[in-house]
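Given next are the chains, with one letter for each unit.
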Amino acid sequence: MKIKYNFTILLLFLTLVLGTTSYSQNKKFIIILDAGHGGKDPGNSYHGFKEKDIALKTTLKVGKQLEKDKDFKVIYTRVSDEFIELAKRPKIANKNDAHLFVSIHCNSVKNFGPSGTETFVMGLSRTGMNLEVAKSENSVIYLEDNYKETYKGFNPKNPESLLGLTIMQEDNLNSSINLANKIQNNFTHNLKRKTRGVKQQPLWVLDAAYMPSVLIELGFLSNLEEGKFLNSDAGQEKMANEIADAIINYKNEYFGDGKTTVTNESVNSKKEVEVSKPSNPNEVIFKVQIAASAKKLELASRNFKGLNNISLTKSSTLYKYFYGATSSYDEAKKMQEKAVSKGYKSAFVVAFKNEKSVNLNDVVKNNN
């Protein structure tokens with residue numbers, strides 16, 4: 001796994017050298033909108049519906065909505081029917097030190113029945129249909145002239161060869177899941193579209209971006225009715241509006257006046273109480289995030305596969321659930337392993353200081 005560690009070092013180097021420019025410093029919230037496929041890569045094509053065209057039209061409509069807000073700077077990976085190499089797309093985001101990377105696609109399967117929206121974040125889960133999505137979105141690599149050199153042995157049909165999550169990406173995953181939930185909730189509640197949820201998959205275009213990032217599958221072109229909706233100007237406008245609204249809410253939560261309340265509840269108590277502060281105000285507390293949802297659950301072990309010591313954070317639209325609390329990163333990794341063994345395959349470590357989320361990468365680096 002030499003490639004994995006070299007890539008991790010490169011990402012960390014870029015972060016240290018370039019830094020992560022804050023919203024207040026830039027005065028603009030920079031978002032990269034990536035219309036999937038293009039040019040010689042048509043993507044999915046069913047019933048006369050072409051993914052590359054639908055993705056581009058929808059992406060441009062999202063950008064048009066965001067550009068109405070003077071706080072946004074929108075950068076597109078493509079604005080016409082052109083082929084953009086997969087490796088170049090996240091590079092555009094990294095070069096511009098973007099706050100978000102959003103890639104827009106359409107789904108399809110051989111069975112014409114399935115329908116619904118789903119939004120992906122970077123991860124290493126391995127389950128049936130989702131694995132097929134990973135293979136499909138990554139296989140564009142083969143259309144590139146120098147793919148063997150560019151991707152250094154990466155095999156898009158074998159996700160085990162992916163680089164995986166770096167410490168920095170684990171920290172970004174928290175934000176990515178938040179945005180993905182906002183998008184899916186908008187599709188479901190405002191447009192009454194069927195949801196297939198938020199999922200984690202090994203997708204190169206997300207793995208190589210060092211900021212929060214999501215890949216949206218607008219729906220299935222293989223489903224005739226859904227394909228008609230997504231191929232229509234009205235359907236694209238509706239989907240774009242909900243994506244833009246979710247992005248604006250995300251920006252306001254993380255960079256505006258949005259407040260996040262941290263609460264803690266004993267598994268035997270029905271009353272929420274404020275998280276107890278560490279005796280040393282500068283002490284970092286590690287927890288393991290196991291879930292994020294718009295639904296609030298009682299913090300009882302029966303609701304968390306037998307895990308105790310569950311806490312949550314609450315924003316305006318999302319509850320995030322955490323297992324354990326420790327000042328030791330090594331102990332936190334052990335807690336992560338336990339959470340995974342209980343069935344939380346996407347569990348990851350996060351860090352808090354003075355009840356506020358802090359960059360995990362910085363904390364680990366400073367402790368070494």
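For the structure, check the block above.
In this text the structure is predicted, and so the values were computed from the model without any measurement.

Colleague: Help me out: how do you make sense of the packing of aromatic side chains in this one?
Modeller: Aromatic ring pairs are reported here in terms of the distance separating the ring centres and the angle at which the planes meet. What the rule picks out here adds up to six aromatic pairs. Ring centres of Phe 29 and Tyr 250 lie 6.5 Å apart, and the angle between their planes is 70°; this geometry places the pair in the edge-to-face category. With Phe 29 in strand S1 (residues 29-35) and Tyr 250 in helix H10 (residues 233-255), the pair connects residues that are 221 residues apart, well separated along the chain. Taken as a pair, Phe 29 and Tyr 250 share a single burial class, namely buried. Here the aromatic rings of Tyr 46 and Phe 112 are separated by 5.8 Å at their centres, their planes lie at 85°, and the arrangement is edge-to-face. Of the two residues, Tyr 46 sits in strand S2 (residues 45-46) while Phe 112 sits in the loop between strand S5 (100-107) and strand S6 (117-122), which places them 66 residues apart along the sequence. On the basis of relative accessible area, Tyr 46 is assigned to the partly exposed category, the value being 22%. Against the face of Phe 229 rests Arg 193, its NZ or CZ located 4.0 Å from the ring centre. The ring of Phe 352 is capped by Lys 287, whose NZ or CZ atom sits 5.5 Å from the centre of that ring.

Colleague: Looking at this model, I keep getting lost on the pairing of S5. Mind explaining?
Modeller: Side chains on a regular strand alternate between the two faces of the sheet. Counting buried residues along S5, eight of its eight residues qualify, which places the element largely inside the surrounding structure. The alternating pattern of S5 places Leu 100, Val 102, Ile 104 and Cys 106 and Phe 101, Ser 103, His 105 and Asn 107 on opposite faces, both of which are buried. Direction of pairing for S1 relative to S5: parallel, over a ladder of five bridges. Residue pairing across strands places Ile 31 opposite Leu 100, the latter belonging to S5. Two elements, S5 and strand S8 (residues 213-220), share six bridges in a ladder whose sense is parallel.

Colleague: For this particular structure, what's the right way to read the sheet that holds strand S7 (residues 195-201)?
Modeller: The strand order across the open sheet built from six strands is S4-S1-S5-S8-S6-S7, with neighbouring strands paired in mixed fashion. The sheet is open, and its two edges are formed by strand S4 (72-76) and S7, each paired on a single side. This sheet shows a mean twist of 20° between the axes of neighbouring strands, independent of strand direction. Strands S1, S4, S5 and S8 of the sheet are contacted by helix H3 (residues 51-66), whose axis makes an angle of about 160° with S1. Where helix H4 (residues 88-95) meets the sheet, its contacts fall on S1, S4 and S5, and the angle it forms with S1 comes to roughly 170°.

Colleague: Could you clarify how one ought to interpret the side chain of Asn 44 in this entry?
Modeller: Considering the arrangement of structural elements, one finds Asn 44 in the loop between S1 and S2. A distance of 2.9 Å separates a polar atom in the side chain of Asn 44 from a polar atom in the side chain of Ser 108.

Colleague: Just checking my understanding: could you explain the packing of H3 against H10 for this structure?
Modeller: Packed helices, taken two at a time, are described by the angle their axes make and the gap between the axes. Closest axis-to-axis distance for the H3/H10 pair is 8 Å, and the angle between their directions is 50°. With respect to each other, H3 and H10 are oriented oblique. For the element pair H3 and H10, the recorded crossing hand is right-handed. Each of Ile 54, Lys 57, Thr 58, Lys 61, Val 62, Gln 65 and Leu 66 in H3 lies in contact with H10, whose residues at this interface are Asp 233, Gln 236, Glu 237, Ala 240, Asn 241, Ile 243, Ala 244, Ile 247 and Ile 248.

Colleague: Mind showing me how you'd approach the nonpolar core here?
Modeller: Side chains of nonpolar character tend, in soluble globular proteins, to be buried together. Grouped together as the largest cluster of nonpolar side chains are 40 residues, with contacts concentrated most on Ile 31, Leu 218 and Ile 247. With near-sequence residues (within four places) excluded, Leu 218 lies in contact with Ile 54, Thr 58, Ile 104, His 105, Cys 106, Thr 117, Phe 187, Leu 230, Met 239 and Ile 243.

Scoring rules and cut-offs
- Residues numbered from 1 in each chain as written.
- Predicted model: local features only at pLDDT ≥ 70, side-chain atom pairs only at ≥ 80, totals over all residues.
- Heavy atoms only, no water.
- Phe/Tyr/Trp six-rings, centres within 6.5 Å; stacked < 30°, edge-to-face > 60°.
- Helix = DSSP H or I, 4+ residues; strand = E, 2+ residues; numbered from the N terminus.
- Buried < 20%, exposed > 50% of the residue type's maximum accessible area, 1.4 Å probe, protein only.
- Lys NZ or Arg CZ within 6 Å of the ring centre and 35° of its normal.
- Pairing = 2+ DSSP bridges.
- Axes fitted to C-alpha atoms, helices over the stretch in contact; angles between N-to-C directions.
- Contact = heavy atoms within 4.5 Å.
- Polar contact = N/O pair within 3.5 Å; in protein donor to acceptor, adjacent residues only side chain to side chain.
- Parallel < 35°, antiparallel > 145°, perpendicular 65-115°, else oblique.
- Left-handed = near helix turned anticlockwise from the far one by under 90°.
- Core = buried A, V, L, I, M, F, W, Y, C linked by side-chain atoms within 4.5 Å.

In short, geometric facts, not functional conclusions.
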